[in-house]
Amino acid sequence: MSRPLQYTRLLSAYTRPSLSLHLNRTLLSPFLLPCRTATTDATRSQPPTHPPISARPTSRNFDAEKQRPDQLLPDDPAYFTGNPHYYKYLRQINAAIRENESQLRQLEDNGDAQTSADWMNLQTMQVQLEMKLDPTTYRNLTEKLNFLVPLASKNPKIEELLRPFVLPGQSLIKAAPETLTLDELGRSYTYGSRKRAIAQVWMVEGDGQIYVNGIPMIDVFPEIVERESIVRPFEATGTLGKYNVWALVQASGPMSQASAVAVAVARGIAVHNPHLKEHLQQLGMTTIDTRQKERIKTNKIGARKSRTWRKR
Amino acid sequence: MADTTPTKQSDPPLQTLDNLLPTSSSYAPIITPDTWDPESNVALPTNVRSALTIRSLMAASMHLGHAPKHWNPHMLPFIYGERNGIHIINLEHTLSHLRRAINVCREVAFANGKIVFVGTKRAIHKITVDAADRAGEGAYYVLDWRGGIVTNKERVLRRSSGFDPDRVVQMETAVATAQAGRNKRGAKGQQGGFEEQDAGRKSRQPHVHIPDLMILLDYPNTMSAAREANHCNIPIIALCDTDCDPALIQYPIPGNDDALASVELVAGVLSLACREGRMRRHVVGEKVQRQEPRQFKPKDEEKY
C-alpha cells in the first residue's frame, strides 16, 4: 500500500545501517552498552553515539542555566493548548462545583440557584485574564460561575475564585436598582421621552389638574388623541382625578410630547402606588419607545424613498 | 550491573528520534514488586503489564469496530472479521501494538520528552486531562487542537510563552515612525536599522516548546494534529478504529475509539508508562549524583 512521504522517511530511519548495527549488538549481548561502533565500510557515515543511560541529564542533577531551552519542561500541563489561563480557571471552577455539589443541589431544589452577577463581557475578560474566548465558551463559563455565586457570601475561597471575573472595584452581586420615592412635599419626579421630546413630570395627590409647560393641557394639546394618551395611565389604574400633574416638555412635535408626558405620568403613578408598578409594566406604559427618525441615505430622497426611476 | 561510563557533561543528547528509541533498558526481565531494587537500572514493576490481556481488552470493548461499509482498507491487517454487522478488531495486534506504545512512552519520558495527550471529543476531555495528571511531569493535554500549535507555535502559543511576536513588532514600528517624524537624522538611521530591529525582536523571542510525542485519543477528529506532527517529525501514538487511516501514525493501536472504557484503558496504560519512565529517570539521576563523574576517554572503547 502507498504511504505518504513522511512515513517512508521514518521507515528509512529504521532501516539505516547504523541503527541496525546497534540493534544487532544489543540482541547479541544484553549487557553491552550502546557506544561508538567502528565500521569497515568507509562510505557509511558514523552512527550516532548513544550516551550511557546513567550519564543522561535528569531533572534532579542538572543546572538549569546550562541546559538547552528545549530541555527545560514547561510546568503547566495546559501549555500546548495555547490557552493556559482559561484551563487553569476552568479546572478551579469545576473543582469548586464538585466540592460543593450537595449544597448546589439543595439550592437548585429550593429554587435559589443560578444568581447572575456582573461579569465582565467577553472582550474585557479576554484582555484582562489573557484568555482566548468565543461566545459559546464565554456563555458556558459564565453559566458555571453563576452556579457558584450563591455560595460566595459564605465561602471566602469561592469569592476569591470569582473575583477575577468581575471588574475591579465592582461588587460580585448586582446591586438592586434604586427605588424612587416621594419627596418631602409628597411629589413624585419622573421622566419620559419619545423621539426627541423629553418630559419631566411632578405628580402630587390632588383633583386631576394637568399643566404642561405652565399651560392647562387642553390648550397645549388641541387634538383628542394627544390628550387621551396622557390620561390613559390614569384610566388603566383607576386613579383618574386623584393626582395633579405638572409637566415640563421640550422638543419634537405635539404627539411626541404627549407620548413623553404619558410615559412619565405612568411612572409617577408607579411611584405613588408601588403595587400598580407591575400592572403598568405589563401594559407597556412605563417603557420608553426608543424608535427615532431614520436617517436619510445617500442617493435617496428620504430614509427609504428612492429617486424617480428612469427607463433609459 | 552498574553503569559507570558517563559521557562529557557538555554534550547533551540530541533531541532526535534516534535518542528517543528504546534502548537495552526495554529488554529488562519482568520482576515483582517484592524483588525490585530501586537502585538498579531496570523498569519499575507495574500491575499494568500483567493486567493487559486479551480478556481485559475485550472487557473494555476494544475489539468493536465500525460497520464494514465505513472501513478503511489500510486497516485490513488488524481486522479479525465481521460479526453482527460490525468489523471485529484482532486483539492480538492490539495487544502487541499497545505494548510497543507503552515502551515508546516510557522511553520518551525517560529521555526527558514532552508527551501530549490530545482528546477533542467532549466525552473524553476528562480522560485526557486525568491521563496528563497521572503521567505527571512532562505530560500535557490538548482538548481543542488549534491549527499551528506545532507549525506556528510562536503565535498560537503566545499566551503560553508570554511573548506576542506580532504585538512587539507593532509597538516597535509605532515607536520608530514617531521618532522618525520628530527627527530627520533619526529617520535616516531608522531606515537602515529596521533589519536590526527585526533581528532584535527575533532574538527576544523566547523558546517555544514542541511536543516530543503525541498521543491522539480521537484520531479521526484530529487529522490536522497528525499532519502537523508528521511535518515536524514528531512521533504519534494513536488509537485507530476500522475507519481510520493508519498511514499518518507511527505507532497505531488498532482498537475501538468510540467506547469510553476503551479510550480510558489506552490513556490509562500510556499515562502509567510515562510516569514509570519519569520515575526511572529520577532514580537514575540520584544514582549518578552519588558517583564521581569520570571523563570518557576514547581508548575505553576497546572494552566494548
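Residues numbered from 1 in each chain as written. Chains lettered and ligands numbered in written order. Predicted model: local features only at pLDDT ≥ 70, side-chain atom pairs only at ≥ 80, totals over all residues. Heavy atoms only, no water.

Per an unreviewed UniProt entry, chain B goes by the name 30S ribosomal protein S2 and belongs to Rhizophlyctis rosea. The Sequence similarities (unreviewed entry) field of the UniProt record for chain B holds the comment "Belongs to the universal ribosomal protein uS2 family." (UniProt positions renumbered as here; feature names shortened; annotations may be inferred.)

Chain A appears in an unreviewed UniProt entry as 37S ribosomal protein S9, mitochondrial from Rhizophlyctis rosea.

Asks: So what exactly am I meant to see when it comes to the confidence of the model for chain A here?
Replies: Low-confidence regions, as indicated by low pLDDT, have predicted coordinates that should not be scrutinised in detail. All names here are of chain A. Of all residues in chain A, 78% attain a pLDDT of 70 or more, and the chain-wide mean is 82. Counting contacts from residues 1–44, a segment whose pLDDT is below 50, to residues more than four positions away or on other chains yields 44 contacts. Low pLDDT, under 50, characterises residues 53–62; the predicted model gives this stretch 34 contacts beyond four residues in sequence or across chains. (pLDDT = per-residue confidence, 0-100. Contact = heavy atoms within 4.5 Å.)

Asks: In this structure, what is going on with the nonpolar core? I would like to understand it.
Replies: Looking at soluble globular proteins, one finds that nonpolar side chains tend to be buried together. Core analysis: the largest hydrophobic core is formed by 70 residues, its most contacted members being Trp 119 and Met 125 of chain A together with Phe 117, Ile 237 and Leu 270 of chain B. If we ignore the near neighbours within four places in the chain, the residues touching Ile 237 of chain B are Ala 101, Val 104, Cys 105, Leu 213, Met 214, Ile 215, Leu 216, Ile 249, Tyr 251, Ile 253 and Leu 270 of chain B. (Core = buried A, V, L, I, M, F, W, Y, C linked by side-chain atoms within 4.5 Å. Buried < 20%, exposed > 50% of the residue type's maximum accessible area, 1.4 Å probe, protein only.)

Asks: Would you mind going over the sheet that holds strand β6 (residues 236–240) of chain B with me for this structure?
Replies: Two pairing modes exist for strands in a sheet, parallel and antiparallel, and in both the strands are linked by backbone hydrogen bonds. All names here are of chain B. Within the open sheet, the 5 strands sit side by side as β4-β3-β5-β6-β7. Their pairing is parallel. The strands lining the two open edges of the sheet, one partner per strand, are β4 (139–142) and β7 (251–254). Direction aside, the axes of adjacent strands within the sheet are offset by 20° on average. Bridging between strand β3 (residues 115–118) and strand β5 (residues 213–216) involves 4 bridges; their strand directions are parallel. Bridged to Phe 117 within β5 is Ile 215. With respect to the sheet, helix α4 (residues 91–110) is in contact with β3, β5, β6 and β7, its orientation differing from that of β7 by roughly 140°. Against the sheet, helix α5 (residues 125–135) makes contact with β3 and β4, and its axis sits at roughly 170° relative to β4, the strand it touches most. (Pairing = 2+ DSSP bridges. Helix = DSSP H or I, 4+ residues; strand = E, 2+ residues; numbered from the N terminus. Axes fitted to C-alpha atoms, helices over the stretch in contact; angles between N-to-C directions.)

Asks: Looking at this structure, I do not really get the sheet that holds strand β5 (residues 243–250) of chain A. What am I missing?
Replies: Residues and elements named next belong to chain A. Here 5 strands make up an open sheet; going across it, the order is β1-β2-β5-β3-β4 and the pairing mixed. A single partner strand is all that each edge strand has here, and the edge strands are β1 (188–194) and β4 (215–216). Together, β2 (197–205), β3 (210–212) and β5 form the strand contacts of helix α9 (residues 224–237), whose direction differs from that of β3 by roughly 145°. The sheet contacts of helix α10 (residues 254–272) involve β1, β2 and β5, and relative to β1 the element is tilted by about 145°.

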